[in-house]
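Summary of the model geometry
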Amino acid sequence: MIDFKNLLIFFIFLFFRLNNGQLTPVTPTNSITITPLNDFKFVQYPLFSNTQMCSITGKFLITDNNVNNNITSILITQDKLPNFTQYTQRDGNQQVLTFLFFFNFTVSPLQIKINITSNSTSDVVYNFTQTCFDPNLDEVELENPITFMLDGIFYTDFKLKGYYSTQSLIQTSVGLCPCTLLDSAHYLLIWNGLSLKNLANLYDDWSFDLMFYNKNKTVKIPSYYGINKQQSIPTYTKKFYPNDLIENGSNYTEFGQSYSPIYTNNVNTNIPAPFSGSYDSTYFFLQKPLKGSIGNMTFINTFFIKNFNSGDMLNFYYFDQIQNLISKTSFTTRINKYTIPSLNGIVFSISNSTSQIIPLFSVSFKNVENYKFTTFQYSIGSVITKKFVNTWPYGFSIGSNSNYTHKTSIQSFPSRYFTIPTYKIQTFNLEDGKEIGVPNLSPNSIDPIAVTYRIYETNSALYILSIDFTSVNGIADIRISPNSYEGNLHLVSGSIYNGTCEFIITITSKTFSITIEDIYKNSISFGEYSFFSINPLNQLIFPPQFYYKFNVSNFYNISYSANNLNLNEDNHITMYLCNRDIPTNFNFWFQNFEDSSYTSIQSPLKITSTWLSYNSTLGCFTKRLIIQKNSIYYEMMGVMYANEQSLLFTTMLPESTRLIVKKSVLDAQGPIFSDIKKINDKVDVNSNPMVVGWNFTITDDLNGFSHGYIKIMGSVDSSTYHYNFTINDCIEGDQFNGIYQFVITVSTPCISQEYTMTNVELYDNNYVFSIFELYAKSSSNDTNLFSNPFINFYQSGIDITKVSFTCTPSTMDTTESTLKSFSVSKDSIDVGSNDRSILFNFEIETDVTGSGLKIDQLPIVYILSQAMNILECRSTLLHNTTTNYQYSCQIELPVSFGHPFPISYSLYGIVNNGGQFKGYATVDLQTLGFPYYSNTTFSTNIPVVMSNFVIYSDIGGDLILQGRGFSNAKNVELTYGEVGLATQNLTPTIFGNSIIKVSGVKATEKSILVIVQTDNYFSNSYTVYPIFFNETIPEPPETQTPSQTPSQTPSQTPTPTPTPTPTPTASILPTNPPQQCKDSCGGEKKGYCSTTGCVCYSPWIGETCSSQVIIVPPPTPDTGFPTTQFPSSNNSNFNSGSGGGGGNTEINTPITFRSLISIVSLREIDFKGDTVVDHRFSEWYFTPITELKSQYFTTIGNTNVTATLEWFNQSTTIQFANENLEMNPSTIKYTIEITEYNFKQNLNSLQLIIFASFNASDSPNDICSSKQYGDTSNGDNSNYLKIQIDNHSLYGRFIKRAIIDDKVYSVENQLLDSSFNSISTSSSIQSYIGITIPFYKNYVIVDPDFSLLVDSNPASSSSTNSICNSSSSGLSKTQLIGIIVGSACFVVVIIISIVYFVRRHYIQKIFMEKLSSKMKREIINK
């Protein structure tokens, strides 16, 4: 039993902490105590934000601690509400008071009194006050919105500041289901595409209204497409099905029930999910990815049709994204419905059985319309309904499709809830058919009693909830889902009158409702906080793990064993979630989503465990993921969840913590028919047998076809053929494009008719499916809209599914066959044992004048329970003559099937060669004197293995078995299918009757045969199939190859360097988008135009190759700081090469240029970009290495920081992080290595802040400055910063990658001028660059470089981000000839961790004073 006392104390504390109500005694309490119970719920904001109604659901435990006293009444009073609900439950001297108030702003605060009257003391009165808050919209603000797309739907997660509630639902002007998420004030908004299709600018912020009572607040979020912009105008290539859909005068007839027209849309764009959708004036559908990869993806969409009349002209629209705009195209077409036969107008005839053992009623009717392969639904009840669906031959008693009698026999339905139950037959998914009142037995109304409960924790994410019960009438159904029927499956000990049931639950099961129902439908239902007793108090409360809530801030590391996946094959990944706060016995769940999920099911051999378990060795929660090939084309999305307020989508996490797909070609389309040829359609069958059928060409060009199923039915006699086939049945071609054949032999005597394909299922090797159902079998056919294998035949129509033949002669045979015998192997079946099989034998005789039976049509024995669960036993033909046919079938019943009632039998599907079918209802078998039912018993002590939880092929270990009868398990025998592995006999760990664990299972890829043994019984032989798992090894990076060879020879030949071994890549490495070539790239001697933009010849550089590196002698190293100073001199001292600054000689006024580069801080930032800690330092140790290379070293705590400065005299090609980089002459390169850093959280990042300044002294009055920041175009995939004054520039290159823990990771460079308030004038420029480094463990290396440039074109008012002096000296810039370049200072400062607070500030002060002094000296020393 749960430690109720501790939990009670916890919830009392929680009550007073979270609710503004204070329970205070007004009078002396005497011996009476009042305690709020844990399910006290107060919603201090309206439950729905656009109303004014708050609520209180209160439960108090009231106890008179004097056993001689007796509480006579408990009364709640207040003076503001006319109506409210209260009631009490009593047991001895304890009572539970339950009350419910709804109140609004106008009566708030609400003061409530609880008056307790006792027989021997004066009244005791308690007060408490509750307030319903009307939110102040001035204080309500949207925080941290994150928008993502999943399965064609947009979601936005946001937090509301100023509106703190754990219950309220925020209503919005858009969205389908805003709901509480993660924790208090976190919400999830689901966007409706209708709200986006008319946006004037798709990049602008998206807005919506938060709806409150009589007032709204408009809020904005960043546009999903403003963040994920199209870099160029996309191309859209559409294909419509039918292909003339958008042409004038077109019309479309549904290809089966509810199959709307569809279209595919091939899109060439750089973003994963461009905005594109369809609309029919009511429903808007965003397209879904179908096949391809980013940049060449084919999507699929439907023109959804609903609620229309056949032949209507309907208007449709489709929308496409053109960068920030949305194009809209409309068309009109005529839609014809596929005709569905109706059961309207049928007349029921009812009869009752005289059997006292199994009370039956039978209902029959004659058809009104021809039968055309529809599915019927059979239901009984009204308030409580039991039902099942079935198609021909069930219920078809005699006749043909055009003239038949339908007859069924059902066990009577005793219930206390209605006097006359109703039985209804209707076409599935149609509101047609007929219902009729049927007999009801005389029940009593004594409910079962739940006595107590226990919860057992296993060593996994599973818990066992055990409940003891008693029942006067006997239990018939114990279920955990309100709409299911599970019978006595959960009964594990005792009897149906006094027993114990068990349920396997998880932390996600907290909101379930358990129902225990007896044979007369008397029931008791309970869930969380339900009372088993009041004195002593016994309330259903779950273990503490069920109430734990987590959010993104709990995790300090989220990572994967491999990333940047290559999905050309399956990938086997381990997910790691590290958290110091979450209890180690807390098991939360993870569900990943695949881009093919809307047309696929997961392979049974690839299903992994769904919970994350704690790994004590790693100190992290882990989960194994099997990502199927071609199933994702960009990023794996998933959700972690534990309960309704612990929910976290992976798209809410920083990009560095997501699982990215690097290589993949998505295949979300199941196999389809690319060609169909009919075989002998409309053939005349006479004396010679003929075959009719089809040759199918099945195409699946990526995953390959695996297996399929086709069902064909006859138009006259409904004769049915089932064709199950695999790739091995291919008669020509292969799994990607193969031909298959299905034929039916027709011989005389026969009846002329048409065969129709009614059902098709095709699966590829990834279990991506395409499905066709002539009539929808589910209430929603949305999935099938996108997956019809006949997509290529929408134009030609549904006739392709039909072949016909004419028989000569063709005569209807109305002679009736006779059931000569019908036997059942057991008249009583123990459905709790391991021998639950039943054998049926029957013999049918036909008239000698008749046509005989169709031997390829096998009758079916139907087994029906009182709860309306039905099983089919398909027979085999044992022997036949021209008039005598002997059949047999065998079936194993599910555990607990039918218990405690008898199960009844019927026989249908006897078809002759002359178009007539025959069947026998249960009552017909009874009338003929054949067995028509069997009784059921139910043993609870026999072990039955029913399922197992995942075990992996590579590690073996623990095997968890689920079933029943395990409480006395002594031994588990494991027989391995792998040769060389000896049989094991292991002692299990018993967690209850339902779960045992076996440890020490050997690793194997083969199957394992399991038998559980108790003292008296052996279980069934159960086969375990280990999940194959082979940890994916991260792929090495691709070798970079130049995209174009220059046609001109560079002015200087780069120095070649040896090619190093590539460093493994751990994340997708960014590629710069193409840049526009401007100004002819400076001319043929300076550069050339490539597909990426201008590529410059050294020493030319820049966006237009118009800037040239200034050649200077190597500077003298600074022995105190990692600083580089260039000597001050005029431009005559510099060899700037040809095409330097230029100008005339009218003026001889030199300009001194000075620069300063420093790394000012290394700050740790969280996933939102907020600074966690900022590090600075001042003391370095200098070591000269060569004349051109020096090293600086410092330590902070246990972190080492090394800055290596290297000067390049000539052009040299180096490689860093697998990228070839050309170092121009007179370039200084900084290689900065930081060892292990103690992150506050592993979701945090480091940001290296680099400060750059450029100054000009003695500058003329008309001088200008400019600043450029962007992407390079020469193929090095870097960012550049160019700050220019007049015709000189400081140029920095920041590569978008770093070496982190022996792997190459992408890093992000950001211009931070706005947040750091940089100051710039016409003669002085400042800029800040942040290099954001993701979490690492051991070390990181970054590698920026800097150069001084002279520009062909001086900065002017037309330059990018220019600042010009408004006064003029009268001299043009082309007259300035005495340009003096002073010195260029490069100061590198790296700080890793915090030292003592006082020392830190002291060091920072010294550092900033030195830095300021150095800058002043540079400016003064002209």
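1. Examining the overall build of the protein chain
Check the secondary structure of the protein chain and you find 6 helices and 105 strands. Partitioning the contacts of the protein chain with sequence separation of at least 6, the portion at a separation of at least 24 is 69%. A total accessible area of about 57,700 Å² is found for the protein chain, and carbon and sulfur atoms account for 49% of it.

2. Some words on the side chain of Thr697
Checked against the element boundaries, Thr697 lands in strand β55 (residues 690-699). In this structure Thr697 comes out as buried when scored by relative accessible area, which is 12%. Among residues more than four places away in sequence, those in contact with Thr697 are Ile672, Phe673, Ser674, Asp675, Asn737, Gly738 and Ile739.

3. Details of the pairing of strand β95 (residues 1264-1271)
Here β95 lies mainly inside the structure; 6 of its 8 residues are buried. Two elements, β95 and strand β104 (residues 1363-1364), share 2 bridges in a ladder whose sense is antiparallel. Bridge assignment links Cys1264 to a residue of β104, and that residue is Cys1364. Sheet topology note: the β95/strand β96 (residues 1278-1285) ladder contains 7 bridges and is antiparallel. Each bridged residue has a counterpart across the sheet, and for Asp1271 the counterpart in β96 is Asn1279. The hairpin turn running from β95 into β96, its antiparallel successor, is 6 residues long, and Gly1275 in that turn takes a positive phi close to 95 degrees.

4. So, the state of the cysteines
A complete count under the given rule lists 8 disulfides for this structure. Two residues share a disulfide in this structure: Cys54 and Cys132, whose sulfurs sit 2.0 Å from each other. Handedness here is read from the sign of the S-S torsion; for Cys54 and Cys132, about 75 degrees, the answer is right-handed. Here the residue Cys54 occupies a position in strand β4 (residues 53-64), and Cys132 occupies one in the loop between β9 (124-130) and β10 (141-150), the gap between them amounting to 78 residues. When sorted by exposure, Cys54 lands in the same class as Cys132, which is buried. Linked covalently through their sulfurs, Cys1077 and Cys1089 form a disulfide whose S-S length is 2.1 Å. Since a negative S-S torsion denotes a left-handed disulfide, the Cys1077-Cys1089 link at about 90 degrees is right-handed. Remark: Cys1089 occurs in strand β81 (residues 1087-1090) and Cys1077 occurs in the loop between β80 (1022-1024) and β81; sequence separation between them is 12 residues.

5. Quick notes on the side chain of Asn301
In this structure, Asn301 sits in strand β23 (residues 296-302). Setting aside residues up to four positions removed in sequence, Asn301 forms contacts with Ile262, Tyr263, Ser276, Gly277, Ser278, Phe285, Leu286, Gln287 and Phe786.

6. Quick word on the sheet that holds strand β34 (residues 449-457)
On the basis of which strands lie adjacent, the open sheet formed by 4 strands has the order β34-β35-β38-β37 and antiparallel pairing. A single partner strand is all that each edge strand has here, and the edge strands are β34 and β37 (491-494). Within the sheet, the average angular offset between the axes of one strand and its neighbour, ignoring direction, is 25 degrees. Both strand β35 (residues 463-470) and strand β38 (residues 498-505) contribute to a ladder of 8 bridges, which runs antiparallel. Each bridged residue has a counterpart across the sheet, and for Ser466 the counterpart in β38 is Glu502.

7. Concerning the nonpolar core
If you look at the biggest cluster of nonpolar residues, it comprises 134 residues, and the most contacted ones within it are Phe154, Phe208, Tyr225, Phe255, Tyr423, Phe673 and Phe790. The biggest single contributor to this core is strand β24 (residues 312-322), with 5 residues. When neighbours within four sequence positions are excluded, Phe208 is seen to be in contact with Leu142, Phe158, Thr172, Ser173, Val174, Leu189, Trp191, Lys217, Thr218, Val219 and Ile221. Core analysis: the next-biggest nonpolar cluster, separate from the first, contains 105 residues, Phe503, Phe532, Ile582 and Leu648 among them.

8. Examining the packing of aromatic side chains
What characterises a pair of aromatic rings is the spacing of the ring centres plus the angle enclosed by the ring planes. Here the structure, examined in full by the defined rule, presents 88 aromatic pairs. With a centroid separation of 5.2 Å and an interplanar angle of 65 degrees, the aromatic rings of Phe154 and Tyr224 are classed as edge-to-face. With a gap of 70 residues between them, Phe154 in strand β11 (residues 153-161) and Tyr224 in helix α2 (residues 224-227) connect regions that are remote in the sequence. The burial state of Phe154 is the same as that of Tyr224; both residues are buried. The ring of Tyr920 is capped by Lys918, whose NZ or CZ atom sits 5.0 Å from the centre of that ring.

9. Considerations on the environment of Gln753
On the secondary structure map, Gln753 appears in strand β60 (residues 753-764). Taking C-alpha positions, Gln753 is 8.8 Å from Val803, a pair spaced 50 residues apart along the chain. Among all residues touching Gln753, those that are not within four sequence positions of it are Gly714, Ser715, Val716, Asp717, Ser719, Val803, Ser804, Phe805 and Lys854. Of the polar contacts made by the side chain of Gln753, one reaches the backbone nitrogen of Ser715; its length is 3.3 Å.

10. A word on the confidence of the model for the protein chain
For the protein chain, the average pLDDT comes to 82, and 86% of its residues sit at 70 or higher. Under a pLDDT of 50 for its full length, residues 1-20 has, in the predicted model, 36 contacts with residues more than four places off or in other chains. Below a pLDDT of 50 lies the segment residues 1037-1059, which in the model reaches 37 contacts outside its immediate sequence neighbourhood of four places, other chains included.

11. Description of the pattern of salt bridges
Per the stated rule, a full pass over the model turns up 26 salt bridges. With its nearest N and O atoms 3.9 Å apart, the salt bridge here joins Glu517 to Lys521. Taking relative accessible area as the criterion, Glu517 reaches 1% and is therefore assigned buried. For Asp675, the salt bridge identified is with Lys677, shortest N-O distance 2.5 Å. Three or more residues are tied together by salt bridges with common partners; here these are Asp477, Arg479, Glu517 and Lys521.

12. Quick notes on the pairing of β35
Within β35, 7 of the 8 residues are buried, which leaves the element mostly enclosed by the surrounding structure. As paired elements, β34 and β35 share 8 bridges and run antiparallel to each other. Across the sheet, residue Tyr456 finds its bridge partner in β35, namely Ile464. Linking β34 back to β35 in an antiparallel pair, the connection comprises 5 residues.

13. A short note on the sheet that holds strand β15 (residues 206-212)
What the 3 strands build is an open sheet, ordered β12-β15-β16; its pairing is antiparallel. The two strands at the open ends of the sheet, each matched to only one other strand, are β12 (171-172) and β16 (215-221). Where β12 lies against β15, 2 bridges are found, and the strand directions are antiparallel. Counted as the bridge partner of Gln171 is Met211 from β15.

14. Description of the environment of Phe102
Within the secondary structure, Phe102 is located in strand β7 (residues 94-104). Each C-alpha atom of the pair Phe102 and Cys54 lies 5.7 Å from the other, and the pair is 48 residues apart in sequence.

15. Observations regarding unusual backbone geometry
For the peptide bond that leads from Asn535 to Pro536, omega is 0 degrees, which places it in the cis range. The step from His899 to Pro900 runs through a cis peptide bond, and the omega angle for that step is 10 degrees. With respect to the helices and strands, the residue Pro900 is situated in the loop between β69 (884-892) and β70 (903-911). Here Asn429, not a glycine, exhibits a phi torsion of approximately 70 degrees, which is positive. Tracing the sequence through the fold places Asn429 in the loop between β32 (422-427) and β33 (434-437). For Asp1079, which is not a glycine, the phi torsion comes out positive at approximately 55 degrees. By relative accessible area, Asp1079 is classed as exposed at 60%.

16. Topic: the environment of Ser1019
Inspection of the secondary structure assignment puts Ser1019 in the loop between β79 (1008-1013) and β80. Residue Ser1019 is classed as buried on the basis of its relative accessible area of 7%. In the structure, Ser1019 is positioned 186 residues away from Ser833 in sequence and 8.6 Å away in space, judged by C-alpha atoms. When neighbours within four sequence positions are excluded, Ser1019 is seen to be in contact with Asn834, Pro943, Val944, Val945, Ile1011 and Val1012.

Cut-offs and rules
- In this numbering scheme, every chain counts its residues from 1 along its sequence in written order.
- The model is predicted, so local features are restricted to residues of pLDDT at least 70 and side-chain atom pairs to those at 80 or more, both for listing and for counting; the totals for chains, interfaces and linings are taken over all residues.
- Water and hydrogen atoms play no part in the side-chain values, which are based on all heavy atoms of the structure.
- Numbering goes from the N terminus for both helices and strands, where a helix is a DSSP run of H or I of at least four residues and a strand is a run of E of at least two.
- Whether two residues are in contact is decided by their heavy atoms, any of which lying within 4.5 Å being enough.
- Computed with the Shrake-Rupley method and a 1.4 Å probe, the accessible areas treat only the protein chains shown as cover for residues.
- Relative accessibility thresholds used throughout: buried, under 20% of the residue-type maximum; exposed, over 50%; partly exposed, between the two (1.4 Å probe, protein chains only).
- Note: two strands are recorded as paired if DSSP finds a minimum of 2 bridges between them.
- Put simply, a disulfide is two cysteine sulfurs that come within 2.5 Å.
- For every element, the axis is a line fit to its C-alpha atoms; helices are fit only across the contacting stretch, and the angle between N-to-C directions ranges from 0 to 180 degrees.
- In this text, buried Ala, Val, Leu, Ile, Met, Phe, Trp, Tyr and Cys residues form a nonpolar core when linked through side-chain atoms within 4.5 Å.
- Stacked, tilted and edge-to-face are the three classes assigned to paired rings of Phe, Tyr and Trp, where Trp is represented by its six-membered ring and a pair needs centres within 6.5 Å; plane angles under 30 degrees give stacked, over 60 edge-to-face, the rest tilted.
- Either the NZ atom of lysine or the CZ atom of arginine qualifies as a charge over a ring when it sits within 6 Å of the ring centre and within 35 degrees of the ring normal.
- A 3.5 Å cut-off defines polar contacts: any pair of N or O atoms within that distance qualifies, except that in protein one atom must be a possible hydrogen donor and the other a possible acceptor, and neighbouring residues in sequence count only when both atoms are side-chain atoms.
- pLDDT runs from 0 to 100 and stands for how confident the predictor is about each residue.
- Take a side-chain nitrogen of Lys or Arg and a carboxyl oxygen of Asp or Glu: if they are within 4 Å of each other, that pair is a salt bridge.

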